[in-house]
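Coordinates in review
The lines below spell out each chain.
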Amino acid sequence: MRGRLPALGSIAAVAVLIAVLPFTLSSYNVSLVAQVGIFFVAVLGLNILTGYSGQISIGHGAFMAIGGYTSAVMSRDHHTNLIVTMLMAFAICFVLGLLVGLPALRLSGAYLALATFALAISVPQLPLQWSTFLGGTGGVQSHTTVSDRWIYGAAWSCSAILFLLAWLILRGRVGRAFRAVRDSEIAATASGIELSLYKTLAFGISAAYAGVAGVLFVMATNGFAQPTEFGIILSLQILIGAAVAGLGSLWGILAGAAFVGLLPQVSTSVPVIGSDHGRDVVFGLMVVLVMLALPDGFAGLLARLRALVRA
Amino acid sequence: MTALLELQDVEARYGPVRALHGISLAVEEGTIVAVLGPNGAGKTTTLRAVSGTVRRSGKITFAGRSLGRLGPAAVARLGIAHVPEGRGTFSELTVWENLRLGGYTRRGSIEPELERVFTYFPFLSERRRQHAGTLSGGEQQMLALARAFVQRPRLLLLDEPSLGLAPVLVAELFRIVRELNEKEGLSVLIVEQNAHLALQAAQNGFVLEAGKIALAGTSEELRADDSVRRSYLGY
Amino acid sequence: METLTSPLAGLRARGIALGGAITVYLLLGGGAVFLLVGCLQSTRFAQLTVSGLAVGAAYGSLALALVLIYRATHVINFAQGELAMATTYIAYQLIQWGLSYWEAFAATLAIAFVLGTALELVVIRPVQHRSVIAAVIVSVGLFILIDGVVNWIWGGGIRFMQSPFSGSYDLGGVNIQHLYAGMLGVVLGCVLLVWALFRFTKLGLGMRAAALRPAAAALAGVRVDWMLALGWGLAAVLGAVAGMMYEPSQLLLTPTFMQEALVYAFAAAVLGGLESPGGAVVGGLAIGVFLNLLAGYLPQVVSLEVPFAFAVLLAILLVKPSGLFGRREVSRV
Ligand SMILES: Nc1ncnc2c1ncn2[C@@H]1O[C@H](COP(=O)(O)OP(=O)(O)OP(=O)(O)O)[C@@H](O)[C@H]1O
Ligand SMILES: [Mg+2]
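Residues numbered from 1 in each chain as written. Chains lettered and ligands numbered in written order. Predicted model: local features only at pLDDT ≥ 70, side-chain atom pairs only at ≥ 80, totals over all residues. Heavy atoms only, no water.

Here's the deal with the overall build of chain A
- Helix and strand counts for chain A stand at 15 helices and 2 strands.
- Since a compact globule built from 311 residues should have a radius of gyration of about 19 Å, the 19 Å found for chain A is in line with a globular shape.
- Taking the principal axes of the C-alpha coordinates as reference, chain A spans close to 50 × 40 × 35 Å.
- A total of 311 residues make up chain A; the buried ones form 55% of that total. (Helix = DSSP H or I, 4+ residues; strand = E, 2+ residues; numbered from the N terminus. Rg over C-alpha atoms; globule rule 2.2 N^0.38 Å. Buried < 20%, exposed > 50% of the residue type's maximum accessible area, 1.4 Å probe, protein only.)

Structure below.
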């Protein structure tokens, strides 16, 4: 995602792998890999915000919730096509992200983290208050449901399109501005970059990505949007995914998405401890261990390996 | 007799940057030793190597003990006080708390030490409860020194103590250091831009250039050296 | 609602313009007067205020734990609430094994201290020097891990823990439950002890120095790494106090009972300014009372309690981006 497209070879390899997988896997496993695709979109979005503008968000689950609910409500009330709801979620979350990004301008570091944390806690409470429109605790059922294969295709198509989009954005002027903002805000202001514009923009873009991930997320739960699905844990998962991914590497983001998309499901079947708790014990432990081993995430590891190879 | 502090082939690095390329020097017990050199020569790094605040290799012994693997806290506990460049007082703490920290490694009451220090720096006595950040720059410099004295070190590492002080105060400061040296046998390794004053106070000196010892000798020898005269004494 | 720091001197030292400090104190004073008048006017208001303060003290204690760690390492410890929850389960288990409540209380504090210190040594220290973000993520991992372990050992079901306080007494016509008075007393007592430790002991001075300027503290002979580990231990103790005192107000013990408290503790810490211990406690008390009054008088918005509380918090942050008692960072925008 830096200046050039990462080696076309590795992209082609990923693409072929993704394209072949559904024909070799069971339906359950297809849905698992689709899950990875959904997280790929969300982690990619957070990566743009954190990695390229230096802002942190613990609230991207909130944007996923907004995207998911947009899709479910539109589908329920107007039978809107899912592709269209995806575009709507992208647009709505982009605008909301800009709106959140504005007050975020005044906050920095830990304060911003906690403000977005508040967002993650608050948004899932809204359906409870406006229950006729947003379905209360019961949730909203979309009109259309789709097969696992469909979700798989949708998730990875979105991943590909949004990855390309991210590359196009980050490659040019905007990307340079983002990096300048991250590296030194004072210098960036001095060099005439409109700091607030770009910080807000980064928030908007990354929220829009989360919105799309939210639509996919709802589709993957049989088109059912429910407040509990969008709890704080989801936001934390995206954050963990981004941390495991590290900065600006396709493989890193894939690893981060796979980590949060696969590990909890896979470790549910750990025999000794028993289903749900086993999942939490294994997942929590793995998060700790991975961060101990790779404080700069998977991308950091790759960079170190590359340096080794070159040396 | 072996020296109190001895450095043999000491190297130090900041990440990939090497700042000291194998220096050897010694400080005899009860002497003042000056380190001179241009900016960036590695003077500060030399003191840091002793106090353990930079990664170093080579042999460093203090009173017969190797400092090789010790961190700054352990070095301080052996009786070495380091007053870093740019003071290093705690501006958020009170003057009294700063002095108390000086006596952190000592057991029991520090009142006697405080009395002693207040005779050298009377103004501190009235300002005990004031936050160090509200002292003037020069006053903070003196607080940093006072804190080091409370520690009652065997060896004092001073990094450009005259920085930002009025000339009268600089003279006063050197007088105090010499007095402590003469009366209490305190050993001092001092980095100082004011070579004139430094060589006056010190018995021995070293000139560092680009991370290496360029010249070593007694103060008289250094004062007599042409290059030292030209570069550091200015006549 | 007293603050812990010696009022104006402390604030001035943190470089806050006196004008800002006076506004904050006026605001807090106004709030206190409002509460006092309300309590005199209505017994219901008084009861809501007392129980709000009691719960708020628990938030404040947990917030103080967060602040201690944040000040020392700039890590926001997401696991703080779950650690408090886990130690409350340990207290529960000790009582099941036959200890009296207060024996279990004391033993749990000791265990919490060891646990907190050990966590810092084993999983936080190795990453903290390399990346603060990584350390925060480790704490998120701990959150999930502790949750899983507690569920594994004790199950997810509801447990009943013996309450240390029962009955009530009458104060000027207002019926006050011992529970709330006790919570308030124990939590604030522990907070005061921790404050005294920091303020009056050499160890406390060393811990403060290590948090403020680690490099300079080390030069003075302070074992900075140990101070940070001790800080985690103390934070865990404060969390355990918060957990054990908060539990009876929730009546039930479940693995999720501290999650809401953690959210409010975050809010309290931010409100206080993240670096201000006194601010965290005041923030906790304020949030406790505010939420209790809100729930008592506007029950129809109960499901919006959290968003509402955060909207207020956000509004305060927008006016004062570093919290009520926070240091003003160099403004960059
Ligand atoms: N923290 C650091 N990181 C990287 N390089 C450093 C660091 N500190 C010093 N250096 C480098 O090490 C070399 C020696 O620095 P040092 O501070 O010891 O010089 P000095 O002799 O004390 O200079 P001055 O008279 O300006 O104080 C310099 O080249 C400097 O750039
Ligand atoms: Mg220097």
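As for the coordination of the magnesium ion (ligand 2)
Residues and elements named next belong to chain B.
- Within the protein, Thr44 (OG1) and Glu85 (OE) serve as the donor atoms for the magnesium ion (ligand 2), at 1.9 to 2.6 Å. One end of the pair, Thr44, is in helix H1 (residues 43-51); the other, Glu85, is in the loop between strand E6 (80-83) and helix H3 (95-102), with 41 residues separating them in the sequence.
- For Glu85, a relative accessible area of 39% translates into the label partly exposed. (Donors = N, O, S within 2.8 Å, 3.2 Å for Na, K, Ca; no water.)

Some points on the interface of chain C and chain B
- Each partner contributes residues to the interface: chain C has 21 residues there, and chain B has 23 residues.
- Counting each side, the surface lost to burial between chain C and chain B is near 2000 Å², with a carbon and sulfur contribution of 64%.
- Area buried by chain C at its contact with chain B is led by Lys202, Leu205 and Leu219 of chain C, which between them contribute 34% of it.
- For the pair chain C and chain B, the interface holds 2 salt bridges. (Contact = heavy atoms within 4.5 Å. Buried area = accessible area lost by both parts, 1.4 Å probe. Salt bridge = Lys/Arg side-chain N within 4 Å of Asp/Glu carboxyl O.)

Remarks on empty space enclosed by the protein
- Applying the stated criterion to the full structure yields 3 cavities of 30 Å³ or more.
- Residue lining of the largest cavity: Ala81, His82, Val83, Ala144, Arg147, Ala148 and Gln151 of chain B together with Leu219 and Ala220 of chain C, and that is the complete set. (1 Å grid on protein atoms, 1.4 Å probe; cavity = no way out; pocket = protein on both sides within 12 Å on 5 of 7 lines; lining within 4 Å. Points joined across faces, edges and corners; volume = space filled by probe spheres on them.)

Overview of the confidence of the model for chain A
- Of the residues in chain A, 91% reach a pLDDT of 70 or more, and the chain-wide mean stands at 83.
- Helix H3 (residues 60-78) of chain A holds the highest mean pLDDT among the elements of chain A, 91, whereas helix H10 (residues 185-190) of chain A holds the lowest, 60. (pLDDT = per-residue confidence, 0-100.)

A closer look at the packing of aromatic side chains
- Applying the stated criterion across every chain, the model contains 23 aromatic pairs over all chains.
- An angle of 85 degrees between the planes, with centres 5.1 Å apart, marks the rings of Phe117 of chain A and Phe266 of chain C as edge-to-face. Taken together, the residues Phe117 of chain A in helix H5 (residues 109-122) and Phe266 of chain C in helix H11 (residues 259-272) connect one chain to another.
- You can call Phe117 of chain A buried: its relative accessible area is 3%.
- Centre to centre, the rings of Phe217 of chain A and Phe230 of chain A are 5.4 Å apart; their planes meet at 55 degrees, and the pair counts as tilted. Taken together, the residues Phe217 of chain A in helix H11 (residues 195-220) and Phe230 of chain A in the loop between strand E2 (224-225) and helix H12 (232-245) connect sequence positions 13 residues apart.
- Residue class for Phe230 of chain A comes out buried when judged on its relative accessible area of 2%.
- Among the aromatic side chains, those forming a connected cluster through ring pairs are Tyr59, Tyr246, Phe257 and Tyr264 of chain C. (Phe/Tyr/Trp six-rings, centres within 6.5 Å; stacked < 30°, edge-to-face > 60°.)

Quick notes on the sheet that holds strand E8 (residues 187-191) of chain B
All names here are of chain B.
- With mixed pairing, the 6 strands of this open sheet are ordered in space as E6-E7-E8-E3-E9-E10. Edge positions in the sheet fall to E6 and strand E10 (212-218), since each of these pairs with one other strand and no more. Geometrically, the sheet is characterised by an average inter-axis angle of 15 degrees between neighbouring strands, direction not taken into account.
- Pairing geometry for strand E3 (residues 32-36) and strand E9 (residues 204-209), over 4 bridges, is parallel. (Pairing = 2+ DSSP bridges. Axes fitted to C-alpha atoms, helices over the stretch in contact; angles between N-to-C directions.)

Comments concerning the site of ligand 1
Residue and element names in this part refer to chain B.
- Around ligand 1, the structure places 14 residues, and the nearest of them are Gly40, Lys43, Thr44, Thr45 and Glu85.
- A distance of 2.6 Å separates an oxygen atom of ligand 1 from a polar side-chain atom of Thr44.
- Here ligand 1 loses 63% of its free accessible area of 630 Å² to cover by the protein chains.
- Across the shell around ligand 1, the residue classes tally to 4 nonpolar, 6 polar and 4 charged. (Near = heavy atom within 4 Å. Polar contact = N/O pair within 3.5 Å; in protein donor to acceptor, adjacent residues only side chain to side chain. Areas by Shrake-Rupley, 256 points an atom, 1.4 Å probe, with all protein chains shown as cover. Nonpolar A, V, L, I, M, F, W, Y, C, P; charged D, E, K, R; others polar.)

A closer look at the interface of chain A and chain C
- Contacts between the two partners involve 41 residues from chain A and, on the opposite side, 44 residues from chain C.
- Carbon and sulfur atoms supply 78% of the area that chain A and chain C bury against each other, a total of about 3900 Å² over both sides.
- A per-residue breakdown of the area chain A buries against chain C is headed by Arg106, Tyr111 and Leu114 of chain A, which together make up 17% of the total.
- At the boundary of chain A and chain C, one finds 0 salt bridges.
- Counting across the interface, chain A meets chain C through 1 residue pair in polar contact (both at pLDDT 80 or more).
- Going through the elements one at a time, H5, helix H6 (126-129), H10, H12 and helix H14 (275-293) of chain A are the ones with two or more residues in the side of chain A that touches chain C.
- The residue inventory of the side of chain A that touches chain C, partitioned by class, reads 31 nonpolar, 7 polar and 3 charged.

Some remarks on the nonpolar core
- Ranked by size, the top nonpolar core spans 228 residues in total, and within it Phe40, Met64, Leu216, Ile240 and Phe259 of chain A together with Phe78 and Met245 of chain C carry the most contacts.
- Broken down by element, this core gets its largest block of residues, 19 residues, from helix H3 (residues 43-73) of chain C.
- Those residues in contact with Phe78 of chain C, other than ones at most four positions away along the chain, are Ile58, Phe117 and Leu236 of chain A together with Val136, Ser139, Val140, Phe143, Leu262 and Phe266 of chain C.
- Judged by nonpolar contacts, the second largest core, of 47 residues, contains Leu114, Phe123, Ala195 and Ala202 of chain B. (Core = buried A, V, L, I, M, F, W, Y, C linked by side-chain atoms within 4.5 Å.)

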